[in-house]
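Given next are the chains, with one letter for each unit.
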Amino acid sequence: MSALPILRLGTVKVVERFQAHVASLGVHIPCDSKLLAGESSPLRLALNRGGIRIGNRIAVQPMEGWDGGTDGNPSEHTKERWRKFGGSGAKLIWGGEAIAVSHEGRANPNQLMIAVHTQKGLSELRRILIKEHRRTTGSEDGLIIGLQLTHSGRYCRPNRHTKPEPRILYHHPILDKRLGLSRDYPLLTDAEIETIIADFHRTAKLAEDLGFDFVDIKHCHGYLGHEFLSAHTREGKYGGSFENRTRFLREVVAGVRANAPRLEIGVRLSAFDTVAYRPDPSKSVNGKPGPGIPEVHDHLIPYRWGFGVDANRPTEIDLTETIQFLSLLEELNIPLVNLTAGSPYYNPHIQRPALYPPSDGYQPAEDPLISVARQMEVARELKRRFPNLLFVGTAYSYLQDFLPNVAQAAVREGWIDAVGMGRMILTYPEILHDASEGKPIEYKRVCRTLSDCTTAPRKGLPSGCYPLDSYYKHSEFAEKLKLAKAKT
Ligand SMILES: Cc1cc2nc3c(=O)[nH]c(=O)nc-3n(C[C@H](O)[C@H](O)[C@H](O)COP(=O)(O)O)c2cc1C
């Protein structure tokens, strides 16, 4: 267990106690005491912006399963997950999951890929999702489905789970060491970047042909799009100035617009970051990792390897360039923005707050509610500055039983336009839909952030909720996961 006295939210039965606990942490998380149902529920309000109409305020975050075929096609497990996406009743499906624009750009050999030979499979995922959505809500009116297009950059492992094949834009003083990259490890050349941009153009056209409503040009979590934003030390036209670091985005967007004019474009953005964290070795108990602490970085000031961080105190947020980036999205007429933070690889506590760490993580560096509040507060500030952009918020799953109360308040008070759910989708996809219908919450299905959905893929197994979802609990993978966890 954590070295910090963290209140387990599963033991908190009444909303007033939750509210008091949040206040005692010195953070602000909006939370309604009473859930509203039917027409009066803020979660049921449609969103209209430009030509976009989204039927309610519930969004499904991209949730990869590490369960496709080595050829990039979906498997039965992938279909099961997309059924859950549809069954959530959410009218905004953001990305489905990370889908690689090329084989080399895959994060693992089981990541989905968009190509001519996977079109049929991806089309089936969309069909399954829509069918399930109709079953839950009675209509597909106002349903918007996007695909998250990605290249995994520094985190590419296209051929074997155990074989990293990083494609990097610059040398990073901390992350290169973690990946064992030497000083002369090759950088992606400008010509190689242009090929990757062309892959985005080509695959956006495929997405349009498949009937998807938008593509997300992924700029988060340490993958390639995100790495461009922090490429301060890269030379040439894709590095250095803000203009150069956003050239990738602008060139991708221009080609997507030319090739696939009916598609809307969205961007999932790590709006802020912090330096890489590691377990505190002095606080490790019985071989279990200690709480997260920042890597030593005093010698790296001003810090030139981050985006949305204060260069003089890189564990602190600086939104100056984030705001510049959102202005650019407005200029480019990109209305759909999904805000997230950091990376699951080097600072998972800010990205996906959890009580229990994944196998490659650390015990919470802070009460995870503080991490939730941080993402919510940044989203609120950005929404305030950019009222015309359509924002999806992230990191709500840790709120557990109080997710509906917080989601309702966040939308009602205008903190965010749509509430995105990640891990909760794996266990209880309809939670917000149920709440907005006045149905009682099924507490046994609530995600408790045990992190097996991240640990399983770290062990080369499909992701899913092993503790709560009988589909995984009784699967052939459950025993393998148990054995793999026992070894670490
Ligand atoms: C198993 C798993 C798979 C994920 N896959 C993706 C993905 O494909 N693309 C992405 O942008 N984020 C992905 N994420 C991050 C989630 O979309 C989300 O940002 C994160 O889980 C925090 O939201 P939550 O608190 O609702 O879980 C994944 C997270 C988990 C746990």
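Residues numbered from 1 in each chain as written. Predicted model: local features only at pLDDT ≥ 70, side-chain atom pairs only at ≥ 80, totals over all residues. Heavy atoms only, no water.

Draft legend 1. Broad picture of the site of the ligand. Near the ligand you find 24 residues, and of these Gln148, Arg268, Ser397, Gly422 and Arg423 are the closest. Between Pro62 and the ligand, the recorded distance is 2.8 Å, taken from a backbone N or O atom to an oxygen atom. At 3.4 Å, a side-chain N or O of Lys218 approaches a nitrogen atom of the ligand. Protein coverage of the free-state accessible area of the ligand, which is 610 Å², stands at 99%. Tallied by class, the residues present in the shell around the ligand amount to nine nonpolar, nine polar and six charged. (Near = heavy atom within 4 Å. Polar contact = N/O pair within 3.5 Å; in protein donor to acceptor, adjacent residues only side chain to side chain. Areas by Shrake-Rupley, 256 points an atom, 1.4 Å probe, with all protein chains shown as cover. Nonpolar A, V, L, I, M, F, W, Y, C, P; charged D, E, K, R; others polar.)

Draft legend 2. Quick look at the pairing of strand E12 (residues 336-340). Where burial is concerned, most of E12 is hidden: five out of the five residues are buried. Residues Leu336, Asn338 and Thr340 of E12 are buried on one face, and the alternating residues Val337 and Leu339, pointing to the opposite face, are buried as well. Where strand E9 (residues 264-270) lies against E12, five bridges are found, and the strand directions are parallel. Looking at E12, one finds that Ser270 is bridged to Thr340. (Buried < 20%, exposed > 50% of the residue type's maximum accessible area, 1.4 Å probe, protein only. Helix = DSSP H or I, 4+ residues; strand = E, 2+ residues; numbered from the N terminus. Pairing = 2+ DSSP bridges.)

Draft legend 3. Structural context of the side chain of Asn110. Checked against the element boundaries, Asn110 lands in the loop between strand E5 (98-100) and strand E6 (112-113). Residue Asn110 is classed as buried on the basis of its relative accessible area of 17%. In terms of polar contacts, Asn110 uses its side chain to reach the side chain of His161, at 2.7 Å. Beyond its immediate chain neighbours, meaning those up to four positions away, Asn110 contacts Trp66, Asp67, Gly68, Gly69 and His161. (Contact = heavy atoms within 4.5 Å.)

Draft legend 4. Seen up close, the pattern of salt bridges. Taken as a whole, this structure holds 41 salt bridges when the rule is applied. Put simply, Arg44 and Glu437 hold a salt bridge, and the shortest N to O gap is 3.0 Å. Of this pair, Arg44 sits in the loop between helix H1 (15-24) and strand E1 (47-49) while Glu437 is found in the loop between helix H14 (431-436) and helix H15 (452-458), placing the two residues 393 residues apart along the sequence. For Glu437, a relative accessible area of 38% puts it in the partly exposed group. Across the pair Lys283 and Asp280 runs a salt bridge whose closest N-O atoms are separated by 3.7 Å. (Salt bridge = Lys/Arg side-chain N within 4 Å of Asp/Glu carboxyl O.)

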